[in-house]
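Spelled out from the first residue to the last, the chains are:
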Amino acid sequence: MNNQGFIDPSEIRAQFSRAMSDMYKAEVPLYGDLLDLVAETNRNVMEQSPEVAEQLRWTGELDRLAMERHGAIRVGTAQELSTIRRLFAVMGMQPVGYYDLSPAGVPVHSTAFRAVHENALQISPFRVFTSLLRLELIDNPELRALASGILAKRTIFTPRVKALIDQCEAEGGLNEADAGEFVREALETFRWHTEATVTAAEYDQLHEQHRLIADVVAFKGPHINHLTPRTLDIDQIQDGMPRRGITPKAVVEGPPRRNCPILLRQTSFKALQEKVAFVGQGSAEGSHTARFGEIEQRGAALTPKGRALYDKLLNATRAELKEFPSEQNARRYNELLEKHFQAFPDSHDEMRIQGLAYFRYFVTEKGIAARSNEVRPRTLDDLVQAGHVHYEPLVYEDFLPVSAAGIFQSNLGDNAQVNYEITSNQTDFHDALGGTVLNELDLYAATQRRSILECSATLNLPPLV
Ligand code: OOG
Ligand code: NI
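Residues numbered from 1 in each chain as written. Chains lettered and ligands numbered in written order. Predicted model: local features only at pLDDT ≥ 70, side-chain atom pairs only at ≥ 80, totals over all residues. Heavy atoms only, no water.

S.K.: Hey, could you run me through the coordination of the nickel ion (ligand 2) in this one?
M.R.: Around a metal, the perfect tetrahedron of four donors has angles of 109.5 degrees, and the perfect octahedron of six donors has angles of 90 or 180 degrees. The protein atoms donating to the nickel ion (ligand 2) are H70 (NE2), H226 (NE2) and E294 (OE), with metal-donor distances spanning 2.1 Å. All donors of the nickel ion (ligand 2) belong to a single chain; written as a sequence motif, their spacing is H-x155-H-x67-E. In this pair, H70 sits in strand β1 (residues 69–75) while E294 sits in strand β10 (residues 293–298), placing the two residues 224 residues apart along the sequence. There is no split in this pair, since H70 and E294 are both buried. (Donors = N, O, S within 2.8 Å, 3.2 Å for Na, K, Ca; no water. Helix = DSSP H or I, 4+ residues; strand = E, 2+ residues; numbered from the N terminus. Buried < 20%, exposed > 50% of the residue type's maximum accessible area, 1.4 Å probe, protein only.)

S.K.: Which parts of the structure should I look at to understand the packing of aromatic side chains?
M.R.: Given two aromatic rings, their pairing is described by the distance between the two centres and the angle made by the two planes. One pass over the structure, following the stated rule, counts 17 aromatic pairs. Arranged with centres 6.4 Å apart and planes meeting at 85°, the rings of Y99 and F399 form a pair that is edge-to-face. One end of the pair, Y99, is in strand β2 (residues 94–100); the other, F399, is in the loop between β12 (389–393) and α18 (401–412), with 300 residues separating them in the sequence. Under the relative-accessibility criterion, Y99 is labelled buried at 3%. Judged by relative accessible area, F399 falls into the buried class, the value being 3%. The structure contains a cluster of three or more aromatic residues connected by ring pairs, namely F16, F88, F113, F126 and F190. The ring of F399 carries R298 above its face, with NZ or CZ at 5.5 Å from the centroid. (Phe/Tyr/Trp six-rings, centres within 6.5 Å; stacked < 30°, edge-to-face > 60°. Lys NZ or Arg CZ within 6 Å of the ring centre and 35° of its normal.)

S.K.: Got a minute to help me understand the pattern of salt bridges in this structure?
M.R.: Opposite charge on two side chains permits pairing when their charged atoms draw close. Counted under the stated rule, the structure contains 33 salt bridges. If you follow the salt bridges from partner to partner, you end up with E61, R64, E68, R127, R230, E296, R298 and E397 in one network. (Salt bridge = Lys/Arg side-chain N within 4 Å of Asp/Glu carboxyl O.)

S.K.: Please explain the sheet that holds β1 as it appears in this structure.
M.R.: Within a sheet, each strand pairs with its neighbour through backbone hydrogen bonds, oriented either parallel or antiparallel. Ordered in space as β2-β3-β4-β1-β6, the 5 strands form an open sheet in which the pairing is mixed. Looking at the sheet topology across the chains shown, the edges are occupied by β2 and β6 (226–229). Ignoring strand direction, the axes of neighbouring strands in this sheet form an average angle of 20°. Pairing of β1 with β6 involves 4 bridges; the strand directions are antiparallel. Across the sheet, the residue bridging to A72 is H226, located in β6. Along the sheet, helix α2 (residues 29–48) contacts β1 and β6; its crossing angle with β6, the most-contacted strand, is approximately 10°. (Pairing = 2+ DSSP bridges. Axes fitted to C-alpha atoms, helices over the stretch in contact; angles between N-to-C directions. Contact = heavy atoms within 4.5 Å.)

S.K.: Would you mind showing me how to read the site of ligand 1 here?
M.R.: In the vicinity of ligand 1, the contacting residues are H70, A72, R74, F129, N225, H226, Q266, F292, E294, F399, A404 and F408. Here ligand 1 loses 100% of its free accessible area of 320 Å² to cover by the protein chains. Elements with a minimum of two residues in the shell around ligand 1: β1 and α18. Looking at the shell around ligand 1, the element that brings in the most residues is β1, giving 3 residues. Its residues assigned to classes, the shell around ligand 1 comprises 6 nonpolar, 4 polar and 2 charged. (Near = heavy atom within 4 Å. Areas by Shrake-Rupley, 256 points an atom, 1.4 Å probe, with all protein chains shown as cover. Nonpolar A, V, L, I, M, F, W, Y, C, P; charged D, E, K, R; others polar.)

S.K.: Looking at this structure, I do not really get the environment of R352. What am I missing?
M.R.: Following the sequence through the fold, R352 ends up in helix α15 (residues 348–353). On a C-alpha basis, the gap between R352 and L321 in space is 31 Å, while along the polypeptide they are 31 residues apart. Setting aside anything within four residues of it in sequence, one finds R352 in contact with F359, Y361, L380, D381, V384 and Y391. In this structure the side chain of R352 is engaged in a polar contact, spanning 3.1 Å, whose partner is the side chain of Y361. (Polar contact = N/O pair within 3.5 Å; in protein donor to acceptor, adjacent residues only side chain to side chain.)

S.K.: What should I look at first to understand unusual backbone geometry in this one?
M.R.: Residues other than glycine predominantly adopt negative phi, and peptide bonds predominantly adopt the trans conformation. Phi is positive for L263, which is not a glycine, with a value near 50°. Tracing the backbone through its elements, the reader meets L263 in the loop between α12 (234–240) and β7 (264–269). In the Ramachandran plot, N460 falls in the positive-phi region, its phi being about 55° despite a non-glycine side chain. If you trace the backbone, N460 turns up in the segment after α20 (440–458). A relative accessible area of 56% means that N460 is categorised as exposed.

S.K.: Explanation requested: the nonpolar core in the structure shown.
M.R.: Within soluble globular proteins, side chains that are nonpolar tend to cluster in buried spots. Ranked by internal contacts, the top residues of the largest apolar core, which has 74 residues, are L101, Y310, F344, M351 and Y361. For Y361, the residues in contact, after removing those within four places along its chain, are R352, L380, V384, V389, H390, Y391, Q448, S451, I452 and C455. With 42 residues, the next largest nonpolar core counts L35, V75, I84 and M93 among its residues. (Core = buried A, V, L, I, M, F, W, Y, C linked by side-chain atoms within 4.5 Å.)

S.K.: How should the environment of A104 be read in this particular structure?
M.R.: Mapped onto the elements of the fold, A104 is located in the loop between β2 and β3 (108–114). For the pair A104 and E27, spaced 77 residues apart in the sequence, the C-alpha separation amounts to 30 Å.

S.K.: What is the right way to read the packing of helix α7 (residues 141–153) against helix α10 (residues 200–209) from this model?
M.R.: Describing two packed helices takes the angle between their axes plus the distance from one axis to the other. Look at α7 against α10: their axes get within 11 Å of each other, and the N-to-C directions meet at 115°. The two elements α7 and α10 cross, and the hand of that crossing is left-handed. Contacts between α7 and α10 involve L143, L146 and A147 from the former and E202, Q205, L206 and Q209 from the latter. Looking at side-chain class alone, the contact of α7 with α10 contains 4 nonpolar, 2 polar and 1 charged residues. (Left-handed = near helix turned anticlockwise from the far one by under 90°.)

The values are spatial; any link to function lies outside them.
In C-alpha coordinates form, the structure reads like this:
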(Lines give C-alpha, C1' and ligand atoms only; values in the text may rest on other atoms or scores of the structure.)
(Ligands and ions follow the chains in the order given, each with its own letter.)
Protein backbone atom coordinates (compact mmCIF):
# COMPACT_ATOMS: atom_id res chain seq x y z
CA MET A 1 0.00 0.00 0.00
CA ASN A 2 1.34 3.49 -0.79
CA ASN A 3 0.83 6.71 1.19
CA GLN A 4 -2.48 7.52 -0.51
CA GLY A 5 -3.88 4.21 0.69
CA PHE A 6 -3.84 2.64 -2.78
CA ILE A 7 -3.05 -1.00 -3.06
CA ASP A 8 -0.31 -2.20 -5.42
CA PRO A 9 -1.80 -3.09 -8.86
CA SER A 10 0.22 -6.33 -8.71
CA GLU A 11 -1.74 -7.30 -5.59
CA ILE A 12 -5.00 -6.71 -7.45
CA ARG A 13 -3.70 -8.86 -10.31
CA ALA A 14 -2.72 -11.66 -7.91
CA GLN A 15 -6.18 -11.53 -6.33
CA PHE A 16 -7.87 -11.49 -9.70
CA SER A 17 -5.81 -14.41 -10.98
CA ARG A 18 -6.80 -16.47 -7.92
CA ALA A 19 -10.47 -15.51 -8.29
CA MET A 20 -10.40 -16.39 -11.98
CA SER A 21 -8.83 -19.76 -11.25
CA ASP A 22 -11.46 -20.53 -8.61
CA MET A 23 -14.29 -19.52 -10.92
CA TYR A 24 -12.92 -21.60 -13.80
CA LYS A 25 -12.43 -24.61 -11.52
CA ALA A 26 -16.11 -24.42 -10.59
CA GLU A 27 -17.16 -23.97 -14.24
CA VAL A 28 -14.83 -26.62 -15.74
CA PRO A 29 -14.00 -29.34 -13.19
CA LEU A 30 -11.52 -30.93 -15.61
CA TYR A 31 -9.36 -27.84 -15.11
CA GLY A 32 -8.94 -28.86 -11.47
CA ASP A 33 -7.67 -32.29 -12.57
CA LEU A 34 -5.22 -30.59 -14.89
CA LEU A 35 -3.87 -28.46 -12.04
CA ASP A 36 -3.31 -31.61 -9.97
CA LEU A 37 -1.51 -33.33 -12.85
CA VAL A 38 0.74 -30.31 -13.39
CA ALA A 39 1.51 -29.90 -9.67
CA GLU A 40 2.44 -33.58 -9.40
CA THR A 41 4.65 -33.42 -12.50
CA ASN A 42 6.40 -30.30 -11.26
CA ARG A 43 7.10 -31.94 -7.89
CA ASN A 44 8.57 -35.00 -9.64
CA VAL A 45 10.76 -32.92 -11.92
CA MET A 46 12.19 -30.93 -9.03
CA GLU A 47 12.84 -34.09 -7.03
CA GLN A 48 14.52 -35.86 -9.91
CA SER A 49 16.40 -32.84 -11.24
CA PRO A 50 17.44 -30.67 -8.28
CA GLU A 51 19.36 -28.46 -10.73
CA VAL A 52 16.03 -27.35 -12.24
CA ALA A 53 14.75 -26.34 -8.80
CA GLU A 54 18.04 -24.56 -8.13
CA GLN A 55 17.75 -22.55 -11.36
CA LEU A 56 14.19 -21.54 -10.50
CA ARG A 57 15.35 -20.51 -7.06
CA TRP A 58 17.93 -18.10 -8.52
CA THR A 59 15.35 -16.40 -10.70
CA GLY A 60 12.56 -16.43 -8.13
CA GLU A 61 10.34 -18.49 -10.46
CA LEU A 62 10.10 -21.18 -7.81
CA ASP A 63 7.78 -18.91 -5.83
CA ARG A 64 5.56 -18.00 -8.74
CA LEU A 65 5.39 -21.38 -10.50
CA ALA A 66 2.38 -22.79 -8.64
CA MET A 67 0.26 -19.70 -9.29
CA GLU A 68 1.40 -19.14 -12.86
CA ARG A 69 -1.45 -19.11 -15.40
CA HIS A 70 -2.45 -17.57 -18.65
CA GLY A 71 -6.00 -17.20 -19.89
CA ALA A 72 -7.50 -16.28 -23.24
CA ILE A 73 -10.49 -14.25 -24.34
CA ARG A 74 -11.90 -13.07 -27.66
CA VAL A 75 -13.70 -9.74 -27.95
CA GLY A 76 -15.95 -8.48 -30.72
CA THR A 77 -15.51 -4.71 -31.01
CA ALA A 78 -12.97 -1.92 -30.71
CA GLN A 79 -14.98 -0.51 -27.81
CA GLU A 80 -14.73 -3.81 -25.94
CA LEU A 81 -11.00 -4.09 -26.60
CA SER A 82 -10.22 -0.58 -25.41
CA THR A 83 -12.25 -1.02 -22.23
CA ILE A 84 -10.49 -4.35 -21.61
CA ARG A 85 -7.18 -2.48 -21.95
CA ARG A 86 -8.28 -0.03 -19.27
CA LEU A 87 -9.60 -2.83 -17.05
CA PHE A 88 -6.30 -4.72 -17.22
CA ALA A 89 -4.35 -1.51 -16.60
CA VAL A 90 -6.00 -1.29 -13.14
CA MET A 91 -4.17 -4.56 -12.39
CA GLY A 92 -0.85 -3.38 -13.83
CA MET A 93 -1.23 -5.31 -17.08
CA GLN A 94 -0.10 -3.75 -20.37
CA PRO A 95 -0.64 -4.96 -23.94
CA VAL A 96 2.57 -6.65 -25.09
CA GLY A 97 3.21 -7.90 -28.64
CA TYR A 98 1.02 -8.14 -31.71
CA TYR A 99 -0.11 -11.47 -33.14
CA ASP A 100 -1.80 -11.71 -36.52
CA LEU A 101 -3.62 -15.02 -36.78
CA SER A 102 -5.27 -14.43 -40.17
CA PRO A 103 -2.50 -16.13 -42.20
CA ALA A 104 -3.44 -19.27 -40.29
CA GLY A 105 -7.11 -18.91 -41.21
CA VAL A 106 -8.22 -17.53 -37.84
CA PRO A 107 -10.08 -14.20 -38.26
CA VAL A 108 -8.53 -12.39 -35.29
CA HIS A 109 -5.54 -10.32 -34.29
CA SER A 110 -4.30 -10.35 -30.74
CA THR A 111 -2.08 -9.08 -27.97
CA ALA A 112 -1.17 -10.35 -24.50
CA PHE A 113 -1.94 -8.30 -21.41
CA ARG A 114 0.67 -8.84 -18.71
CA ALA A 115 2.91 -7.20 -16.12
CA VAL A 116 6.10 -5.87 -17.64
CA HIS A 117 8.63 -5.37 -14.85
CA GLU A 118 10.46 -8.36 -13.33
CA ASN A 119 9.41 -7.35 -9.80
CA ALA A 120 5.75 -7.16 -10.81
CA LEU A 121 5.97 -10.45 -12.70
CA GLN A 122 7.38 -11.99 -9.56
CA ILE A 123 4.27 -11.01 -7.57
CA SER A 124 1.93 -12.31 -10.28
CA PRO A 125 2.86 -13.42 -13.79
CA PHE A 126 -0.83 -13.67 -14.80
CA ARG A 127 -1.35 -12.95 -18.51
CA VAL A 128 -4.32 -12.92 -20.84
CA PHE A 129 -4.07 -13.61 -24.58
CA THR A 130 -6.70 -11.26 -25.99
CA SER A 131 -8.04 -11.50 -29.50
CA LEU A 132 -10.18 -9.06 -31.45
CA LEU A 133 -12.55 -10.58 -33.98
CA ARG A 134 -12.06 -9.10 -37.44
CA LEU A 135 -15.58 -8.74 -38.76
CA GLU A 136 -14.19 -7.33 -42.01
CA LEU A 137 -13.06 -10.87 -42.79
CA ILE A 138 -16.68 -12.10 -42.93
CA ASP A 139 -17.34 -12.20 -46.67
CA ASN A 140 -21.16 -12.32 -46.54
CA PRO A 141 -22.40 -8.69 -46.09
CA GLU A 142 -25.70 -9.66 -44.46
CA LEU A 143 -24.00 -11.88 -41.94
CA ARG A 144 -21.45 -9.17 -41.24
CA ALA A 145 -24.28 -6.71 -40.57
CA LEU A 146 -26.05 -9.24 -38.36
CA ALA A 147 -22.89 -9.85 -36.34
CA SER A 148 -22.02 -6.19 -35.87
CA GLY A 149 -25.63 -5.38 -34.97
CA ILE A 150 -25.64 -8.04 -32.24
CA LEU A 151 -22.27 -6.94 -30.90
CA ALA A 152 -23.30 -3.28 -30.84
CA LYS A 153 -26.16 -4.14 -28.49
CA ARG A 154 -24.27 -6.06 -25.84
CA THR A 155 -22.47 -4.66 -22.81
CA ILE A 156 -19.77 -6.94 -21.45
CA PHE A 157 -18.84 -4.84 -18.40
CA THR A 158 -20.87 -4.22 -15.27
CA PRO A 159 -21.68 -0.54 -14.60
CA ARG A 160 -19.77 -0.79 -11.32
CA VAL A 161 -16.56 -2.06 -12.90
CA LYS A 162 -16.69 0.79 -15.41
CA ALA A 163 -17.10 3.26 -12.56
CA LEU A 164 -14.16 1.73 -10.70
CA ILE A 165 -11.96 1.90 -13.82
CA ASP A 166 -12.85 5.60 -14.20
CA GLN A 167 -12.13 6.18 -10.52
CA CYS A 168 -8.78 4.39 -10.69
CA GLU A 169 -7.75 6.43 -13.73
CA ALA A 170 -8.85 9.70 -12.14
CA GLU A 171 -7.34 9.12 -8.70
CA GLY A 172 -4.32 7.00 -9.59
CA GLY A 173 -5.29 3.82 -7.76
CA LEU A 174 -7.83 1.87 -5.70
CA ASN A 175 -7.96 1.34 -1.96
CA GLU A 176 -8.30 -2.14 -0.54
CA ALA A 177 -12.11 -2.23 -0.38
CA ASP A 178 -12.50 -0.81 -3.89
CA ALA A 179 -9.90 -3.26 -5.20
CA GLY A 180 -11.81 -6.17 -3.72
CA GLU A 181 -14.99 -4.95 -5.35
CA PHE A 182 -13.16 -4.37 -8.62
CA VAL A 183 -11.99 -8.00 -8.66
CA ARG A 184 -15.51 -9.32 -8.06
CA GLU A 185 -17.04 -7.05 -10.66
CA ALA A 186 -14.30 -7.61 -13.28
CA LEU A 187 -14.75 -11.35 -12.96
CA GLU A 188 -18.31 -11.00 -14.31
CA THR A 189 -16.97 -10.08 -17.75
CA PHE A 190 -15.17 -13.43 -18.05
CA ARG A 191 -17.91 -15.69 -16.75
CA TRP A 192 -19.64 -18.34 -18.87
CA HIS A 193 -23.27 -17.55 -19.80
CA THR A 194 -25.64 -20.34 -20.74
CA GLU A 195 -28.10 -17.98 -22.45
CA ALA A 196 -27.04 -17.00 -25.94
CA THR A 197 -27.83 -13.62 -27.53
CA VAL A 198 -29.02 -15.17 -30.81
CA THR A 199 -31.56 -17.69 -32.06
CA ALA A 200 -30.46 -21.21 -32.93
CA ALA A 201 -30.81 -20.37 -36.64
CA GLU A 202 -28.59 -17.29 -36.30
CA TYR A 203 -26.06 -19.30 -34.35
CA ASP A 204 -25.92 -21.86 -37.16
CA GLN A 205 -25.36 -19.13 -39.72
CA LEU A 206 -22.52 -17.59 -37.68
CA HIS A 207 -21.06 -21.00 -36.97
CA GLU A 208 -21.08 -21.93 -40.61
CA GLN A 209 -19.03 -18.86 -41.44
CA HIS A 210 -16.52 -19.69 -38.69
CA ARG A 211 -16.90 -21.35 -35.33
CA LEU A 212 -14.91 -18.58 -33.75
CA ILE A 213 -17.35 -15.96 -35.04
CA ALA A 214 -20.20 -17.83 -33.36
CA ASP A 215 -18.17 -18.07 -30.17
CA VAL A 216 -17.68 -14.31 -30.01
CA VAL A 217 -20.96 -13.01 -31.39
CA ALA A 218 -23.54 -15.41 -29.96
CA PHE A 219 -22.78 -14.88 -26.27
CA LYS A 220 -23.18 -12.18 -23.65
CA GLY A 221 -19.52 -11.81 -22.90
CA PRO A 222 -15.96 -12.92 -23.68
CA HIS A 223 -15.97 -16.02 -21.49
CA ILE A 224 -12.48 -17.10 -20.53
CA ASN A 225 -11.89 -20.01 -22.91
CA HIS A 226 -8.95 -21.64 -21.15
CA LEU A 227 -6.64 -21.12 -18.20
CA THR A 228 -3.21 -22.62 -18.62
CA PRO A 229 -0.87 -23.76 -15.85
CA ARG A 230 2.90 -23.95 -16.38
CA THR A 231 4.58 -27.33 -16.23
CA LEU A 232 8.28 -28.14 -15.98
CA ASP A 233 7.91 -31.15 -18.28
CA ILE A 234 5.31 -30.97 -21.00
CA ASP A 235 6.21 -34.36 -22.52
CA GLN A 236 5.31 -36.09 -19.27
CA ILE A 237 1.96 -34.32 -19.36
CA GLN A 238 1.36 -35.09 -23.05
CA ASP A 239 2.11 -38.78 -22.38
CA GLY A 240 0.18 -38.84 -19.10
CA MET A 241 -3.06 -37.32 -20.41
CA PRO A 242 -4.46 -40.37 -22.26
CA ARG A 243 -4.05 -42.42 -19.07
CA ARG A 244 -6.44 -39.97 -17.42
CA GLY A 245 -8.90 -40.21 -20.29
CA ILE A 246 -7.86 -36.88 -21.83
CA THR A 247 -6.88 -36.77 -25.52
CA PRO A 248 -4.30 -34.08 -26.24
CA LYS A 249 -3.77 -32.45 -29.63
CA ALA A 250 -1.54 -34.42 -32.00
CA VAL A 251 1.70 -32.48 -31.52
CA VAL A 252 3.21 -30.20 -28.91
CA GLU A 253 3.53 -26.70 -30.39
CA GLY A 254 6.83 -24.85 -30.28
CA PRO A 255 10.43 -26.07 -30.12
CA PRO A 256 11.36 -29.71 -29.45
CA ARG A 257 12.40 -31.08 -26.07
CA ARG A 258 15.85 -29.78 -25.11
CA ASN A 259 18.20 -29.73 -22.13
CA CYS A 260 17.83 -25.95 -22.06
CA PRO A 261 14.19 -25.10 -22.83
CA ILE A 262 13.59 -22.06 -25.05
CA LEU A 263 10.48 -19.94 -25.60
CA LEU A 264 7.28 -21.86 -25.14
CA ARG A 265 5.95 -25.37 -25.70
CA GLN A 266 2.19 -25.90 -25.53
CA THR A 267 -0.38 -28.64 -25.83
CA SER A 268 -4.14 -28.59 -25.45
CA PHE A 269 -7.15 -30.85 -25.39
CA LYS A 270 -10.48 -30.49 -27.06
CA ALA A 271 -13.20 -28.08 -26.13
CA LEU A 272 -16.10 -29.10 -23.90
CA GLN A 273 -19.62 -29.43 -25.25
CA GLU A 274 -21.67 -26.95 -23.24
CA LYS A 275 -25.42 -26.67 -23.02
CA VAL A 276 -26.77 -23.41 -24.43
CA ALA A 277 -30.20 -21.79 -24.41
CA PHE A 278 -30.66 -19.89 -27.68
CA VAL A 279 -33.11 -17.01 -27.92
CA GLY A 280 -36.62 -18.41 -28.16
CA GLN A 281 -35.71 -21.62 -26.34
CA GLY A 282 -37.07 -22.16 -22.85
CA SER A 283 -34.24 -24.33 -21.62
CA ALA A 284 -30.70 -25.15 -22.65
CA GLU A 285 -31.51 -27.24 -25.70
CA GLY A 286 -28.55 -26.23 -27.82
CA SER A 287 -24.84 -26.78 -27.44
CA HIS A 288 -21.59 -24.98 -28.15
CA THR A 289 -17.94 -25.87 -27.72
CA ALA A 290 -15.90 -23.03 -26.36
CA ARG A 291 -13.68 -23.94 -23.50
CA PHE A 292 -10.66 -26.22 -23.67
CA GLY A 293 -7.66 -27.27 -21.64
CA GLU A 294 -4.09 -26.21 -22.28
CA ILE A 295 -0.71 -26.77 -20.60
CA GLU A 296 2.56 -25.05 -21.32
CA GLN A 297 6.25 -25.20 -20.54
CA ARG A 298 8.25 -22.00 -20.61
CA GLY A 299 11.92 -21.55 -21.43
CA ALA A 300 14.44 -18.82 -22.24
CA ALA A 301 13.40 -15.57 -23.91
CA LEU A 302 15.31 -15.25 -27.17
CA THR A 303 17.03 -12.18 -28.61
CA PRO A 304 16.12 -11.09 -32.15
CA LYS A 305 19.02 -13.26 -33.36
CA GLY A 306 17.80 -16.28 -31.38
CA ARG A 307 14.22 -15.72 -32.49
CA ALA A 308 15.26 -15.50 -36.14
CA LEU A 309 17.04 -18.84 -35.76
CA TYR A 310 13.98 -20.36 -34.06
CA ASP A 311 11.67 -19.13 -36.83
CA LYS A 312 14.04 -20.41 -39.51
CA LEU A 313 14.25 -23.89 -37.99
CA LEU A 314 10.51 -24.13 -37.38
CA ASN A 315 9.78 -23.03 -40.95
CA ALA A 316 12.29 -25.54 -42.31
CA THR A 317 10.59 -28.30 -40.29
CA ARG A 318 7.16 -27.37 -41.62
CA ALA A 319 8.43 -26.98 -45.17
CA GLU A 320 9.93 -30.45 -45.09
CA LEU A 321 6.75 -31.95 -43.59
CA LYS A 322 4.82 -30.33 -46.48
CA GLU A 323 1.48 -30.47 -44.60
CA PHE A 324 -0.08 -29.36 -41.31
CA PRO A 325 1.06 -31.46 -38.35
CA SER A 326 -1.65 -34.03 -37.59
CA GLU A 327 -2.33 -37.36 -35.94
CA GLN A 328 -1.06 -39.15 -39.07
CA ASN A 329 2.27 -37.36 -39.40
CA ALA A 330 2.95 -36.50 -35.72
CA ARG A 331 5.91 -38.89 -35.46
CA ARG A 332 7.58 -37.61 -38.56
CA TYR A 333 6.91 -34.03 -37.48
CA ASN A 334 8.65 -34.62 -34.16
CA GLU A 335 11.62 -36.29 -35.88
CA LEU A 336 11.98 -33.41 -38.32
CA LEU A 337 11.70 -30.89 -35.50
CA GLU A 338 14.47 -32.64 -33.56
CA LYS A 339 16.63 -32.83 -36.65
CA HIS A 340 16.32 -29.17 -37.60
CA PHE A 341 16.76 -27.90 -34.05
CA GLN A 342 20.16 -29.62 -33.79
CA ALA A 343 21.33 -26.31 -35.20
CA PHE A 344 20.17 -24.43 -32.07
CA PRO A 345 22.89 -24.56 -29.37
CA ASP A 346 21.61 -26.43 -26.32
CA SER A 347 23.67 -24.95 -23.48
CA HIS A 348 23.20 -21.65 -21.67
CA ASP A 349 26.91 -20.89 -22.12
CA GLU A 350 26.72 -21.24 -25.86
CA MET A 351 23.41 -19.38 -26.07
CA ARG A 352 24.95 -16.53 -24.10
CA ILE A 353 28.19 -16.40 -26.09
CA GLN A 354 26.28 -16.40 -29.36
CA GLY A 355 23.78 -13.79 -28.10
CA LEU A 356 20.75 -16.01 -28.69
CA ALA A 357 18.92 -15.50 -25.39
CA TYR A 358 18.40 -12.88 -22.67
CA PHE A 359 19.81 -13.52 -19.21
CA ARG A 360 19.60 -12.24 -15.68
CA TYR A 361 22.81 -11.79 -13.74
CA PHE A 362 23.27 -12.25 -10.00
CA VAL A 363 26.24 -11.51 -7.74
CA THR A 364 27.44 -14.65 -5.95
CA GLU A 365 28.81 -14.90 -2.41
CA LYS A 366 32.23 -15.36 -3.96
CA GLY A 367 31.74 -12.05 -5.78
CA ILE A 368 30.75 -10.29 -2.57
CA ALA A 369 33.70 -11.77 -0.70
CA ALA A 370 36.10 -10.54 -3.37
CA ARG A 371 34.75 -6.97 -3.41
CA SER A 372 37.64 -5.45 -1.52
CA ASN A 373 40.36 -7.40 -3.30
CA GLU A 374 42.93 -5.27 -5.05
CA VAL A 375 42.93 -7.52 -8.07
CA ARG A 376 39.61 -8.85 -9.25
CA PRO A 377 37.77 -9.37 -12.51
CA ARG A 378 36.14 -6.21 -13.87
CA THR A 379 34.25 -7.14 -17.00
CA LEU A 380 31.00 -9.07 -17.09
CA ASP A 381 32.55 -12.01 -18.93
CA ASP A 382 35.51 -12.16 -16.53
CA LEU A 383 33.19 -11.93 -13.52
CA VAL A 384 31.13 -14.80 -14.91
CA GLN A 385 34.28 -16.78 -15.65
CA ALA A 386 35.57 -16.25 -12.11
CA GLY A 387 32.23 -17.23 -10.55
CA HIS A 388 31.64 -13.77 -9.08
CA VAL A 389 28.51 -13.39 -11.13
CA HIS A 390 26.01 -16.12 -11.89
CA TYR A 391 23.50 -15.99 -14.73
CA GLU A 392 20.23 -17.66 -15.59
CA PRO A 393 18.07 -17.28 -18.70
CA LEU A 394 15.19 -14.85 -18.56
CA VAL A 395 11.92 -16.72 -18.85
CA TYR A 396 9.80 -16.08 -21.96
CA GLU A 397 6.64 -14.28 -20.81
CA ASP A 398 4.88 -14.09 -24.18
CA PHE A 399 3.24 -16.20 -26.87
CA LEU A 400 4.12 -17.55 -30.33
CA PRO A 401 1.92 -16.85 -33.36
CA VAL A 402 2.42 -20.23 -35.06
CA SER A 403 1.73 -22.04 -31.78
CA ALA A 404 -1.33 -19.90 -31.04
CA ALA A 405 -2.67 -20.68 -34.52
CA GLY A 406 -2.13 -24.39 -33.86
CA ILE A 407 -3.99 -24.14 -30.54
CA PHE A 408 -6.87 -22.23 -32.14
CA GLN A 409 -7.10 -24.72 -34.99
CA SER A 410 -6.98 -27.86 -32.92
CA ASN A 411 -9.90 -26.56 -30.90
CA LEU A 412 -11.88 -25.18 -33.80
CA GLY A 413 -11.85 -28.23 -36.04
CA ASP A 414 -10.95 -28.58 -39.69
CA ASN A 415 -13.50 -26.18 -41.14
CA ALA A 416 -11.20 -23.42 -39.89
CA GLN A 417 -8.74 -23.72 -42.80
CA VAL A 418 -9.70 -20.54 -44.65
CA ASN A 419 -7.35 -18.32 -46.63
CA TYR A 420 -7.97 -14.65 -45.99
CA GLU A 421 -6.77 -12.10 -48.46
CA ILE A 422 -6.47 -9.26 -45.98
CA THR A 423 -3.69 -9.91 -43.51
CA SER A 424 -1.82 -8.14 -40.76
CA ASN A 425 -2.97 -4.69 -39.75
CA GLN A 426 -1.31 -3.53 -36.59
CA THR A 427 -2.46 0.05 -37.14
CA ASP A 428 -6.11 -1.03 -37.08
CA PHE A 429 -5.39 -3.01 -33.95
CA HIS A 430 -3.85 0.01 -32.23
CA ASP A 431 -6.82 2.16 -33.24
CA ALA A 432 -9.20 -0.38 -31.70
CA LEU A 433 -7.06 -0.78 -28.60
CA GLY A 434 -6.81 2.95 -28.07
CA GLY A 435 -3.08 2.59 -27.50
CA THR A 436 0.00 0.84 -28.81
CA VAL A 437 1.34 -2.54 -27.84
CA LEU A 438 4.74 -2.75 -26.19
CA ASN A 439 7.59 -4.57 -27.87
CA GLU A 440 8.43 -7.63 -25.78
CA LEU A 441 12.09 -7.60 -26.85
CA ASP A 442 12.56 -4.13 -25.35
CA LEU A 443 11.17 -5.45 -22.06
CA TYR A 444 13.56 -8.42 -21.90
CA ALA A 445 16.51 -6.21 -22.85
CA ALA A 446 15.56 -3.76 -20.07
CA THR A 447 15.34 -6.52 -17.45
CA GLN A 448 18.70 -7.94 -18.51
CA ARG A 449 20.26 -4.47 -18.36
CA ARG A 450 18.81 -3.75 -14.91
CA SER A 451 20.25 -6.99 -13.57
CA ILE A 452 23.70 -6.15 -14.93
CA LEU A 453 23.59 -2.65 -13.43
CA GLU A 454 22.54 -4.12 -10.12
CA CYS A 455 25.57 -6.42 -10.23
CA SER A 456 27.86 -3.44 -10.94
CA ALA A 457 26.40 -1.54 -8.01
CA THR A 458 26.64 -4.48 -5.60
CA LEU A 459 30.24 -5.11 -6.64
CA ASN A 460 31.18 -1.40 -6.43
CA LEU A 461 32.19 -1.41 -10.08
CA PRO A 462 31.43 1.16 -12.76
CA PRO A 463 28.35 0.25 -14.84
CA LEU A 464 29.03 -2.97 -16.72
CA VAL A 465 26.74 -2.02 -19.63
C1 OOG B 1 -6.28 -18.27 -27.93
C2 OOG B 1 -5.40 -19.31 -28.55
C3 OOG B 1 -3.93 -19.02 -28.33
C4 OOG B 1 -2.01 -19.60 -26.73
O5 OOG B 1 -1.67 -19.98 -25.61
O6 OOG B 1 -1.18 -19.45 -27.66
C7 OOG B 1 -3.43 -19.36 -26.97
C8 OOG B 1 -7.75 -18.57 -28.06
O9 OOG B 1 -8.11 -19.69 -28.40
O10 OOG B 1 -8.54 -17.65 -27.80
O11 OOG B 1 -4.13 -19.46 -26.03
NI1 NI C 1 -3.32 -20.41 -24.41
